[in-house]
Amino acid sequence: FDTRLLRSFPAMPDYAVKVHSSLPPSQGNVNVVGRKEDILEHLNTIIGAYAASYEKGLPGIIQRMVEDISAKNKHASAKILTPEGIAMTFSCIPSTAHRHNSSYRAYEVRQALKSNAFKTSNSTLILVVRNTDEAYAGCVSAAGAYHSYDMHGSKQGVKASLDVGFVGADLNEADVKRCQLGFECTNSAAALVDAPCNYVNTVFMVKKAIEVADEVGIPEAQRVVIQGEELKEKGFGGLYGVGKAAEFPPALVVLSYLPENAEKTVAWVGKGIVYDTGGLSIKSKTGMPGMKDDMGGSAAVLMAFRHAVLNGAKTAIHAILCLAENSVAANATRPDDIHTLYSGKTVEINNTDAEGRLVMADGVAYAAKHLNPDVIIDIATLTGAQAVALGKNWGAIMTDDDDLEARAVEVGKKCGNMVFPIPFAPELLFSEFESKVADFKNSVQSRNNCQCSCAGLFMHANLPEDYKGAFCHFDIAAPAFIDERGTGFGVALLSSLFE
């Protein structure tokens with residue numbers, strides 16, 4: 001593939017993360033996060049590990065400080081300096097969680113750590129949990145707070161380490177490995193989302209995918225890269241049409257993990273719009289900043305693939321990245337243009353800012369035509385309607401399979417990547433895309449008719465009639481990017497669904 005346009009990253013902070021089965025040795029300052037009653041139950045164990053020479057009254061002082069947190073803001077912390085000079089911060093997450101929430105309140109873990117992450121060159125994170133599921137969810141959530149992408153001048157080239165340990169659950173070697181991968185891969189996906197397009201362009205993403213394939217041992221025969229004009233020649237009208245006006249060429253990347261005796265085959269299709277100007281239907285000056293996050297789906301797919309393969313998944317997995325930059329130039333796609341998608345369907349463009357579904361439609365059609373999967377899952381930062389419908393803590397799931405929907409909701413609550421169902425009813429909704437001159441338009445007629453579902457149905461419409469597998473769409477527009485930072489949302493969800 002074309003590497004001529006690659007740009008070198010500046011010297012980024014070098015953060016080494018190591019997950020332990022229990023309490024690790026002290027590395028700088030210590031953050032303790034958990035439910036108040038759990039922290040109090042294990043307080044002597046924690047203090048004994050990091051403040052062995054404490055005075056007799058210290059546990060009582062800390063206990064009163066922790067108990068006092070509940071009377072303050074829910075994200076308040078209690079801080080103390082031990083006789084050994086270790087700064088310990090105790091953060092309490094709420095004890096209750098209602099039926100649609102993660103039992104470990106994953107969002108609260110990330111919020112509690114936001115102001116304490118990597119403040120020193122070395123630090124320790126202690127997660128007070130009740131079982132191994134909570135240990136994994138805690139690692140995934142914490143990874144979204146310990147940001148490894150940082151271009152502050154003072155941080156470039158800095159080396160730091162984080163040791164993560166647990167109290168309250170017995171983790172075996174497999175549990176520790178899963179938690180380590182959950183942290184690493186979520187953190188890496190968040191960093192890809194955080195990095196701007198002048199570094200993370202489509203060529204960079206192709207290179208990153210190849211690096212992951214090399215690391216996890218994917219043979220050359222199980223990799224596909226189609227880039228630039230070759231996309232046009234092979235009929236990828238959606239992907240090529242969106243990305244043709246950009247400086248960096250669009251690309252389709254397919255990595256295939258094929259373990260022996262796999263019981264199921266799944267295709268993950270990730271939206272990889274490295275920057276979205278809106279095209280000729282251009283975004284406003286306030287609507288465009290932050291659109292570097294529009295490749296959150298492909299970042300999640302790539303890092304979930306790494307997680308699954310290194311953790312020895314028993315499912316055959318095809319990771320498909322649909323990479324493009326939606327830019328403006330003389331050759332940009334215009335409203336009223338008609339493109340032929342990889343499925344053979346024609347689409348009349350009525351909104352160039354509804355580009356994600358065009359690239360994803362090609363990816364979904366490719367999966368169905370060439371990979372024979374039992375399940376096709378697409379994951380994308382697709383619509384603002386997702387945030388309106390579900391807010392920033394849940395992604396949307398739309399699927400034609402009841403069992404897959406129920407399992408995804410349950411898995412999401414366990415791992416902290418929560419999803420909630422939206423309607424699957426093509427017979428009621430797909431008329432929104434009616435076109436007089438093509439098979440359909442790319443954007444809905446009415447903004448008040450379940451447009452989050454409509455967007456997902458656009459991909460479903462590009463499946464061939466003889467496709468017999470399940471289809472599932474995740475819209476992660478809001479939870480992938482919170483408070484101007486990537487979260488790595490989707491990595492734990494995908495890898496946990498198909499372990």
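Coordinates for the structure precede this section.
Report on the accompanying structure. (Residues numbered from 1 in each chain as written. Predicted model: local features only at pLDDT ≥ 70, side-chain atom pairs only at ≥ 80, totals over all residues. Heavy atoms only, no water.)

The helix and strand tally for the protein chain stands at 16 helices and 19 strands. Here the protein chain has a C-alpha radius of gyration of 23 Å; the compact-globule value for 499 residues is 23 Å, and the two agree. Over its C-alpha atoms, taken along the principal directions, the protein chain stretches across nearly 80 × 50 × 45 Å. Taking the contacts inside the protein chain whose residues are at least 6 apart along the sequence as the reference set, 79% of them involve residues at least 24 apart. For the protein chain, the computed accessible surface area is about 19,600 Å², with 48% contributed by carbon and sulfur atoms. Here the protein chain holds 46 positive side-chain charges and 57 negative ones, and the gap between their average locations is 5 Å. (Helix = DSSP H or I, 4+ residues; strand = E, 2+ residues; numbered from the N terminus. Rg over C-alpha atoms; globule rule 2.2 N^0.38 Å. Contact = heavy atoms within 4.5 Å. Areas by Shrake-Rupley, 256 points an atom, 1.4 Å probe, with all protein chains shown as cover. Lys, Arg positive; Asp, Glu negative; His and termini not counted. Charge placed at Lys NZ, Arg CZ, Asp CG, Glu CD.)

A separate point is the packing of helix α6 (residues 173–194) against helix α10 (residues 296–310). Contact geometry for α6 and α10: axes closest at 9 Å, N-to-C directions at 160 degrees. The angle between α6 and α10 places the two elements in the roughly antiparallel class. Two packed elements cross with a definite hand, and for α6 against α10 that hand is right-handed. On α10, the residues touching Lys177, Arg178, Leu181, Gly182, Glu184, Cys185, Ser188, Ala189, Leu192 and Val193 of α6 are Gly296, Ala299, Ala300, Met303, Arg306, His307 and Leu310. The residue inventory of the contact of α6 with α10, partitioned by class, reads 9 nonpolar, 4 polar and 4 charged. (Axes fitted to C-alpha atoms, helices over the stretch in contact; angles between N-to-C directions. Parallel < 35°, antiparallel > 145°, perpendicular 65-115°, else oblique. Left-handed = near helix turned anticlockwise from the far one by under 90°. Nonpolar A, V, L, I, M, F, W, Y, C, P; charged D, E, K, R; others polar.)

Right, let's talk about unusual backbone geometry for a bit. Backbone geometry follows two general trends: most residues other than glycine have a negative phi, and most peptide bonds adopt the trans configuration. Backbone geometry at Asp336 places phi at a positive 90 degrees, although glycine is not the residue there. You can see Asp336 is positioned in the loop between β10 (316–326) and β11 (338–340). The exposure class of Asp336 is exposed, given its relative accessible area of 61%. (Buried < 20%, exposed > 50% of the residue type's maximum accessible area, 1.4 Å probe, protein only.)

Attention now goes to empty space enclosed by the protein. With the rule as written, the count across this model stands at 4 cavities of 30 Å³ or more. Considered as a void within the structure, the largest cavity measures approximately 170 Å³ in volume. Lining the largest cavity we find 17 residues, and of these Ala106, Arg110, Gly416, Asn417 and Phe489 sit closest to its centre. Elements that contribute at least two residues to the lining of the largest cavity include exactly α4 (106–113) and α5 (132–143). No other element matches α4, which puts 3 residues into the lining of the largest cavity. Of the residues assigned to the lining of the largest cavity, the class counts are 7 nonpolar, 8 polar and 2 charged. Taken as a whole, the second largest cavity spans an internal volume of roughly 90 Å³. Together, Gly241, Val242, Ala245, Gly279, Leu280, Asn326, Ser327, Ala332, Thr333, Thr352, Glu355 and Leu358 line the second largest cavity. (1 Å grid on protein atoms, 1.4 Å probe; cavity = no way out; pocket = protein on both sides within 12 Å on 5 of 7 lines; lining within 4 Å. Points joined across faces, edges and corners; volume = space filled by probe spheres on them.)

With that settled, consider the packing of aromatic side chains. Applying the stated criterion across every chain, the model contains 9 aromatic pairs. Ring geometry for Tyr146 and Phe183: centres 6.3 Å apart, planes at 45 degrees, overall tilted. Note that Tyr146 is positioned in the loop between α5 and β6 (159–167) and Phe183 in helix α6, a separation of 37 residues in sequence. In this pair, the class of Tyr146 matches that of Phe183, namely buried. Aromatic side chains Phe433 and Phe458 sit 5.7 Å apart centroid to centroid with 70 degrees between the ring planes, which places their arrangement in the edge-to-face category. Of this pair, Phe433 sits in the loop between α14 (426–429) and β16 (440–441) while Phe458 sits in helix α15 (residues 451–460), and the two are 25 residues apart along the sequence. Each member of the pair, Phe433 as well as Phe458, is classed as buried. Three or more aromatic residues joined by ring pairs make a cluster, and in this case those are Phe430, Phe433, Phe440 and Phe458. Directly above the aromatic system of Tyr136 lies the positively charged group of Arg178, at a separation of 3.7 Å from the ring centroid. (Phe/Tyr/Trp six-rings, centres within 6.5 Å; stacked < 30°, edge-to-face > 60°. Lys NZ or Arg CZ within 6 Å of the ring centre and 35° of its normal.)

A few words now on the sheet that holds strand β14 (residues 395–399). The 8 strands are arranged β7-β8-β10-β9-β13-β17-β14-β15 in an open sheet whose pairing can be described as mixed. Each edge of the open sheet is held by one strand with a lone partner, namely β7 (223–227) and β15 (419–421). Sheet twist, expressed as the mean angle between neighbouring strand axes with direction ignored, is 20 degrees. Both β14 and strand β17 (residues 470–475) contribute to a ladder of 4 bridges, which runs antiparallel. (Pairing = 2+ DSSP bridges.)

Keep in mind these numbers describe shape, not what the thing actually does.
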